[in-house]
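Structure assessment
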Amino acid sequence: YHPSNEGHAFANVGFIGWIGALTGQSDKHLAISEIGVSFPDKTFGKESRIGIPFTFLLRDILQFDDSVQDSITRIKDAHRTCDLILGVGDGNEK
């Protein structure tokens, strides 16, 4: 995807017609993934139908974030809807 006015170019691996992201990489070298949680503990909080779906959150990371720290902040600030482990990396060793 190459946005015409806002955000970064990114590759999204998913399904035809899917507007969220399951995995992908941006031109800022950010890569994302997700893993389901079988037995979430209390740190995950309560699931809710109100909030941002994880596929939209991951897509926003690819399209708008400049660094892993930006992504961590976005994830922490999001009102999430389900118990998943979201992964973000940039290939840097630091």
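Okay, so let's go over this structure. Being a predicted model, the structure only gives us computed values, none of them experimental.

With antiparallel pairing, four strands are arranged side by side in an open sheet as E1-E2-E3-E4. Both outer strands of the open sheet, strand E1 (10–13) and strand E4 (84–89), are each paired with one neighbouring strand and no more. Between one strand axis and the next, the sheet turns by 15° as a mean value, whatever way the strands run. Against the sheet, helix H1 (residues 54–64) contacts E1, strand E2 (23–26), strand E3 (31–36) and E4, and its axis sits at roughly 165° relative to E3.

Turning our attention to the environment of Asp-90. Residue placement: Asp-90 occurs in the segment after E4. Along the backbone, Asp-90 and Lys-28 are 62 residues apart, and their C-alpha atoms lie at a distance of 8.1 Å. What Asp-90 contacts, discounting residues up to four positions off in sequence, is His-29, Leu-30 and Val-68. At 2.9 Å, the side chain of Asp-90 and the backbone nitrogen of Asn-92 are in polar contact.

With that settled, consider the nonpolar core. Phe-10, Ala-21, Ile-32, Leu-57, Leu-58, Ile-61, Leu-62, Ile-75, Leu-84 and Leu-86 together form the largest nonpolar core, which totals 10 residues. For this core, the secondary structure elements donating two or more residues are H1 and E4. Here this core takes four residues from H1, the largest share from any one element. In this view, Ile-32 contacts Ala-21, Leu-22, Thr-23, Gly-24, Leu-58, Ile-61, Leu-62, Gly-87 and Val-88; residues no more than four positions away in its chain are not counted.

Definitions and limits used
- Residues numbered from 1 in each chain as written.
- Predicted model: local features only at pLDDT ≥ 70, side-chain atom pairs only at ≥ 80, totals over all residues.
- Heavy atoms only, no water.
- Pairing = 2+ DSSP bridges.
- Helix = DSSP H or I, 4+ residues; strand = E, 2+ residues; numbered from the N terminus.
- Axes fitted to C-alpha atoms, helices over the stretch in contact; angles between N-to-C directions.
- Contact = heavy atoms within 4.5 Å.
- Polar contact = N/O pair within 3.5 Å; in protein donor to acceptor, adjacent residues only side chain to side chain.
- Core = buried A, V, L, I, M, F, W, Y, C linked by side-chain atoms within 4.5 Å.
- Buried < 20%, exposed > 50% of the residue type's maximum accessible area, 1.4 Å probe, protein only.

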